[in-house]
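# Close look at the chain arrangement
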Amino acid sequence: MADAAKPKRVLSGIQPTGRPHWGNYFGAIRQYIDLQEQNDGFYFIANLHALTTIRDADQLRQNVLDIALDLLALGLDPDKATLFVQSDVPEVSELCWVLLSGTPMGLLQRCVAYKEKVDKGIPADAGLFTYPVLQAADILAYDSELVPVGADQVQHIEVCRDVAGRFNHQFGDTFVMPKANVLDDSAKVPGTDGEKMSKSYDNVLPLFGEVKKIRKQIMRITTDSRPMEDPKQPQGDHLYDLYSLFADAGKREEMAAMYLRGGFGYGEVKKAIAEESEAYFADARARRVDLEQNLDHVHAVLQAGAERARNVAAGVLLRAQQACGLK
Ligand code: ADP
Ligand code: TRP
């Protein structure tokens with residue numbers, strides 16, 4: 001039986017494919033930070049996964065450093081959690097190969113993230129196709145129990161469970177079965193066009209960057225053209241949803257009442273979103289400026305994290321190699 005007092009291994013990864021946005025924060029990063037308190041958090045920057053989209057070496061290196069700064073500024077605490085770069089743990093790539101051999105093509109062909117990219121005309125290489133198996137290796141290599149993510153990643157966690165289950169069935173109990181952890185209220189944060197906010201859709205509101213520019217982006221969020229005086233339903237309205245990310249219960253109720261009364265302009269809601277979001281991220285912004293002056297510290301954190309992570313992954317890889325006869 002699981003020991004209730006034992007901290008859980010929590011693991012998640014974020015791709016260094018661009019600046020993190022509100023969706024990344026409220027869907028995933030906020031969970032990393034909350035869960036680091038009572039658990040053994042392992043969080044990494046998925047640069048191997050990013051290779052499927054970024055083909056510029058300097059850009060990739062810079063993005064990795066930027067995301068490390070972002071995560072630390074947002075409150076990821078290296079004394080409580082382990083922060084590292086994916087490719088600093090080569091055991092994961094080795095485990096990926098072991099897992100690939102037992103993964104049916106059909107399982108990967110059904111993956112929405114891959115199908116969507118192909119439908120958009122993004123050329124599919126084998127890296128993109130096998131992306132979920134590398135993700136499974138990421139998760140299984142650290143005996144992860146809980147994987148905090150946004151709703152779009154749930155399918156990948158299911159693939160991981162499927163791949164782990166097949167291996168365990170074939171070779172005996174080797175891998176821990178992970179579970180996705182998705183927050184009800186922010187599993188799918190809308191972007192400026194009302195669709196899911198995503199770095200690949202050009203509809204993001206960034207966490208860091210020039211406040212004036214972000215304000216402009218907020219003012220450009222699409223809205224419908226109903227007359228001002230009409231009462232409106234707050235539920236399902238993306239402006240209301242964005243406001244709710246930042247506002248406390250009292251302010252949310254006031255905003256909902258204003259919607260139901262009607263007689264307001266969407267510009268007012270946008271201004272409120274800008275004000276609330278600026279206040280919300282002010283401390284993180286200040287911390288990021290300080291961290292930028294102390295890059296040696298950031299590199300040291302990543303190095304220490306990689307050592308800790310490698311230690312764990314080497315043990316799990318050996319277990320898998322012994323189970324299937326490679327060792
Ligand atoms: P993107 O889709 O912008 O490229 P990533 O794939 O790097 O983002 O996702 C990093 C984490 O943020 C994942 O756990 C993902 O589920 C979460 N996430 C991304 N977009 C959203 C969103 N709009 N709402 C909630 N969570 C999100
Ligand atoms: N695929 C995830 C994303 O795009 C990033 C990721 C890579 C990840 N490996 C992971 C997330 C392992 C959770 C666990 O967001």
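Each value, and the rule that gives it
- Residue numbers run consecutively from 1 along every chain, following the written order of its sequence.
- Here every chain gets a letter starting at A, and every ligand a number starting at 1, in the order they are written.
- Thresholds applied to this predicted model are a pLDDT of at least 70 for local features of residues and 80 or more for the giving and counting of side-chain atom pairs; totals over whole chains, interfaces and linings are not thresholded and use all residues.
- With hydrogens and water excluded, all non-hydrogen atoms of the structure serve as input to the side-chain values.
- Only C-alpha atoms enter the line fits that serve as axes; for helices the fit covers just the stretch in contact. Angles between N-to-C directions range over 0 to 180 degrees.
- Per the convention used, a helix needs a DSSP run of H or I reaching at least four residues, while a strand needs a run of E reaching at least two, with both numbered from the N terminus.
- For classification, angles of less than 35 degrees are called roughly parallel, those exceeding 145 degrees roughly antiparallel, those between 65 and 115 degrees roughly perpendicular, and all remaining angles oblique.
- A crossing counts as left-handed when the near helix is turned anticlockwise from the far one by less than a right angle, and as right-handed when that turn is clockwise.
- For this analysis, residues touch if any pair of their heavy atoms sits within 4.5 Å.
- Any residue outside Ala, Val, Leu, Ile, Met, Phe, Trp, Tyr, Cys, Pro, Asp, Glu, Lys and Arg is labelled polar, Gly included; the first ten of those are nonpolar and the last four are charged.
- To be near a molecule or strand, a residue needs just one of its heavy atoms within 4 Å of it.
- Each polar contact in these results corresponds to two N or O atoms within 3.5 Å; when the atoms are within protein, one needs to be able to donate a hydrogen and the other to accept it, and residues that are neighboring in sequence are counted only if both atoms are side-chain atoms.
- Here, Shrake-Rupley sampling with a 1.4 Å probe gives the accessible areas, and only protein chains in the shown set may cover a residue.
- Salt bridges are defined by distance alone: a side-chain nitrogen of Lys or Arg within 4 Å of a carboxyl oxygen of Asp or Glu.
- Only protein chains enter the accessibility calculation, which uses a 1.4 Å probe; a residue whose area is less than 20% of its type maximum is buried, one above 50% is exposed, and one in between is partly exposed.
- Marked domain ranges trace back to an automatic or database domain assignment.
- Here's the idea: put two parts together, see how much 1.4 Å probe accessible area each one loses, and the total over both is what we call buried area.
- One less than the residue count of a helix, multiplied by 1.5 Å, gives the span that helix is expected to have.
- Throughout, the arc means the angular range of directions from the helix axis out to the C-beta atoms.
- Here, the term nonpolar core denotes a set of buried Ala, Val, Leu, Ile, Met, Phe, Trp, Tyr and Cys residues that are joined through side-chain atoms within 4.5 Å.
- Pairs of strands are assigned from DSSP output, requiring at least two bridges between the strands.

### Looking at the packing of helix α1 (residues 22–35) against helix α13 (residues 266–292)
- For the pair α1 and α13, the least separation of the axes is 13 Å and the interaxial angle reads 45°. Classed by the angle they form, the pair α1 and α13 counts as oblique. Remark: the crossing between α1 and α13 carries left-handed chirality. Of the residues in α13, those touching α1 at Trp22, Tyr25, Phe26 and Arg30 are Ile273, Ser277, Tyr280 and Phe281.
- Within the contact of α1 with α13, the residues separate by chemical class into 6 nonpolar, 1 polar and 1 charged.

### Things to note about the site of ligand 2
- Close contacts around ligand 2 come from 14 residues, with Gln15, Tyr131, Gln135, Asp138 and Gln153 the closest.
- In this structure, Gln153 approaches ligand 2 through a side-chain N or O atom, which is 3.1 Å from a nitrogen atom.
- Relative to its unbound accessible area of 370 Å², ligand 2 is 90% covered by the protein chains.
- At the level of elements, β1 (9–14) and α8 (131–140) are the ones that each hand at least two residues to the shell around ligand 2.
- For the shell around ligand 2, the element with the highest residue contribution is α8, accounting for 4 residues.
- For the shell around ligand 2, the residue count by class is 7 nonpolar, 6 polar and 1 charged.

### Thoughts on the pattern of salt bridges
- Per the counting criterion, the structure on display carries 15 salt bridges.
- Where Glu91 meets Arg310, a salt bridge forms, and the shortest distance between an N and an O atom there is 3.0 Å. Linking Glu91 in helix α4 (residues 90–100) with Arg310 in helix α14 (residues 295–324), this pair joins segments that are 219 residues apart in sequence.
- Its relative accessible area of 12% is what places Glu91 among the buried residues.
- Salt-bridge contacts for Lys196 lead to Asp152; the nearest nitrogen and oxygen are separated by 2.6 Å. Taken as a pair, Lys196 in the loop between β5 (179–181) and α10 (211–219) and Asp152 in the loop between β4 (146–148) and α9 (154–171) lie far apart in primary sequence, 44 residues in all.
- For Lys196, a relative accessible area of 23% translates into the label partly exposed.
- According to the relative accessible area criterion, Asp152 is partly exposed, its value standing at 42%.
- Connected through shared salt-bridge partners, Arg19, Asp66, Asp70, Arg288 and Glu292 make up one network.

### Let's talk about the domain arrangement of the chain
- Per the domain assignment, the segments making up the chain are domain 1 (2–188 + 294–324) and domain 2 (209–280).
- Using only C-alpha atoms to locate each centre, domain 1 and domain 2 end up separated by 34 Å.
- In total, domain 1 and domain 2 occlude about 490 Å² of area from one another, counting both sides; carbon and sulfur atoms represent 86% of this.
- A per-residue breakdown of the area domain 1 buries against domain 2 is headed by Trp22, Tyr25 and Phe26, which together make up 90% of the total.
- The interface formed by domain 1 and domain 2 holds 0 salt bridges in total.
- The interface formed by domain 1 and domain 2 includes 0 residue pairs in polar contact (both at pLDDT 80 or more).

### A few points about α9
- A rise of 1.5 Å per residue sets the reference length of α9, with its 18 residues, at 26 Å; its end C-alpha atoms lie 26 Å apart and thus fit the reference within 8%.
- Among the residues of α9, His156, Ile157, Val159, Cys160, Val163, Ala164, Phe167 and Asn168 are the ones counted as buried. Taken around the axis of α9, the buried residues stretch over an arc of 165°, which confines them to a single face. Opposite its buried face, α9 presents the exposed residues His169 and Gln170, each directed more than 90 degrees away.
- Following α9 by one or two positions, Gly172 adopts a phi angle in the positive range, close to 95°.

### Remarks on the nonpolar core
- Of all hydrophobic cores here, the largest spans 58 residues; its most connected members are Trp22, Leu71, Leu74 and Leu242.
- Examining the composition of this core, we find that 9 residues originate from one element, helix α3 (residues 57–74), more than from any other.
- Composition of this core by domain shows at least three residues from each of domain 1 (2–188 + 294–324) and domain 2 (209–280).
- Core analysis: the second largest hydrophobic core is formed by 40 residues, Phe84, Tyr114, Val133 and Ala136 among them.

### Let's talk about the pairing of strand β3 (residues 82–85)
- Of the two faces of β3, the one holding Thr82 and Phe84 and the one holding Leu83 and Val85 are both buried throughout.
- As judged from the 4 bridges shared by strand β2 (residues 40–45) and β3, these two strands associate in the parallel manner. Looking at β3, one finds that Ile45 is bridged to Val85.

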